[in-house]
Amino acid sequence: MTSTTEKPSTAGTTARTNRAFRLRRRPIGPPTAGDLELVEEELPETGAGQALVRTCYLSVDPTTRIWMSDYRAYMPPVPLGQVMRGVGVGQVIESGRDDLPAGTLVTGWPGWQGYCLTDETDLLPMQFPFLPLPDPLPAPISAFAGPLGHTGLTAYLGIDIGRPRPGETVVVSAAAGAVGSIAGQLAKINGARVVGVASGQSKCRHVVETLGFDACIDRLGSDWRQQLDEATPDGIDLDSENVGGEIMDHVLMRLNVGGRIVLCGMISSYNSLGGDIPGQKAISQLLMQRASMQGFLVLDHLDRFGEAGAHLAGLLATGRLRYDETVVEGLHRAPEALTRILEGANVGKMLVHLADPV
């Protein structure tokens, strides 16, 4: 695991005072400073049946931009004035619940805030309650917001749905990102030839030299189409798609007969939510090549969390799986982290570090 951590000074927070980001307006285009407001609020006392969770690491995901918009999606938009939705890992510091005693390390939906007082009665459909982490931990706690959490499960499911076979050519977009980096490695373990797409030569070298992909296309290069053609001389059998846009269109034009697209994300269009949303131009290739495209959501498969976590933890323990983290320090930098992930300026999982467990 490699981790890039940036540590400016940040103000502290006490157990009875909470700092939280509340959504004040819906962005048009990239998020801007006035969309989210960082507020300081007093926490109520922890009552019977409740637990107070201190957020240790907040996961920053591209889907956050969807939740900010009033857009037809798999979950309702975050209401204006509410704490910004988000997954994270933390520690129970006060508890009136027998199932989550004080000191327990947990994963759940703390939101963009330092503390979350929860009794699990206000969960939206598809949210999962706070769940205890394994004891002892098989990896650092931050990994449970990444390769051993919902991100890893997403990659695991995508490859399971796509079922790459030995010798097939698999293309993975956002190959240096949290999901793509894991998905590509899992496809390699299945015996496929894996071609990544990433932004910049440094990321491409990392994807090939560290993560073990067979090739990587620099999407920032003016010749990226030629690069992709040369890296896939026998066409493309499976596309693990996280980005969409013009690169996906070119992938569609190189699909083999019976090819598969597993659709995990369309990050290239997220900043268009609230305006004109671009569409794919080469979608007719699904017909011409008798190919298939399947979208999926990790939240539909939470019953496989244990299965995926055990498998991925085993690969990590034996050195067959690597992962990266980009970590920024302090809740106040969460909006910056979101902007960076939407711009592709991260390697691996984007996390905000708020506190260490005690």
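Looking up the protein in an unreviewed UniProt entry gives the name Alcohol dehydrogenase zinc-binding domain protein, with the organism given as Geodermatophilus obscurus.

Draft legend 1. Geometry of the domain arrangement of the protein. Domain boundaries in the protein define domain 1 (17–146 + 323–353) and domain 2 (150–299). The distance between the C-alpha centroids of domain 1 and domain 2 comes to 28 Å. Facing 32 residues of domain 1, the contacting portion of domain 2 comprises 20 residues. With both sides pooled, the region where domain 1 packs onto domain 2 buries about 2,000 Å², and carbon together with sulfur makes up 63% of that total. Sorting the residues of domain 1 by area buried against domain 2 places Tyr71, Met126 and Asp324 first, and these three jointly supply 20% of that buried surface. Scanning the region where domain 1 abuts domain 2 turns up eleven residue pairs in polar contact (both at pLDDT 80 or more). Contributing elements (two or more residues each) for the side of domain 1 that touches domain 2: helix H1 (63–67) and helix H9 (334–342). When residues of the side of domain 1 that touches domain 2 are assigned to their parent elements, the largest contribution, three residues, is made by H1.

Draft legend 2. How the structure looks around the sheet that holds strand S10 (residues 193–198). The sheet built from six strands is open, its strands ordered S11-S10-S9-S12-S13-S14 with parallel pairing. The two strands at the open ends of the sheet, each matched to only one other strand, are strand S11 (215–218) and strand S14 (292–295). For this sheet, the mean inter-axis angle between neighbouring strands, taken without regard to orientation, is 15°. Its contacts with the sheet put helix H4 (residues 201–209) on S10 and S11, and the angle it makes with S11 is roughly 170°. Where helix H5 (residues 224–231) meets the sheet, its contacts fall on strand S9 (169–173), S10 and S11, and the angle it forms with S11 comes to roughly 165°.

Draft legend 3. Seen up close, the pattern of salt bridges. Under the criterion given, the structure shown has 17 salt bridges. In this structure, the salt-bridge partner of Glu45 is Arg16, at a minimum N-O distance of 3.8 Å. A residue pair is termed long-range when its members are at least 10 positions apart, and Glu45 in the loop between strand S3 (36–42) and strand S4 (51–59) and Arg16 in the loop between strand S1 (2–6) and strand S2 (17–23) qualify at 29 residues. For Glu45, a relative accessible area of 59% puts it in the exposed group. The class of Arg16 is partly exposed, set by a relative accessible area of 24%. With its nearest N and O atoms 2.7 Å apart, the salt bridge here joins Arg97 to Asp99. The class of Arg97 is buried, set by a relative accessible area of 15%. Its relative accessible area of 47% is what places Asp99 among the partly exposed residues. Residues joined in a network through salt bridges with shared partners are Asp160, Arg163, Arg304 and Glu307.

Draft legend 4. Geometry of the packing of aromatic side chains. Enumeration over the complete set of coordinates arrives at four aromatic pairs. Pairwise contacts between aromatic rings join Trp67, Trp109, Phe128 and Phe305 into one cluster. Above the face of the Trp67 ring, Arg85 is positioned so that its terminal group lies 5.3 Å from the ring centre.

Thresholds, definitions, all that
- Residues numbered from 1 in each chain as written.
- Predicted model: local features only at pLDDT ≥ 70, side-chain atom pairs only at ≥ 80, totals over all residues.
- Heavy atoms only, no water.
- Domains from an automatic or database assignment.
- Contact = heavy atoms within 4.5 Å.
- Buried area = accessible area lost by both parts, 1.4 Å probe.
- Polar contact = N/O pair within 3.5 Å; in protein donor to acceptor, adjacent residues only side chain to side chain.
- Helix = DSSP H or I, 4+ residues; strand = E, 2+ residues; numbered from the N terminus.
- Pairing = 2+ DSSP bridges.
- Axes fitted to C-alpha atoms, helices over the stretch in contact; angles between N-to-C directions.
- Salt bridge = Lys/Arg side-chain N within 4 Å of Asp/Glu carboxyl O.
- Buried < 20%, exposed > 50% of the residue type's maximum accessible area, 1.4 Å probe, protein only.
- Phe/Tyr/Trp six-rings, centres within 6.5 Å; stacked < 30°, edge-to-face > 60°.
- Lys NZ or Arg CZ within 6 Å of the ring centre and 35° of its normal.

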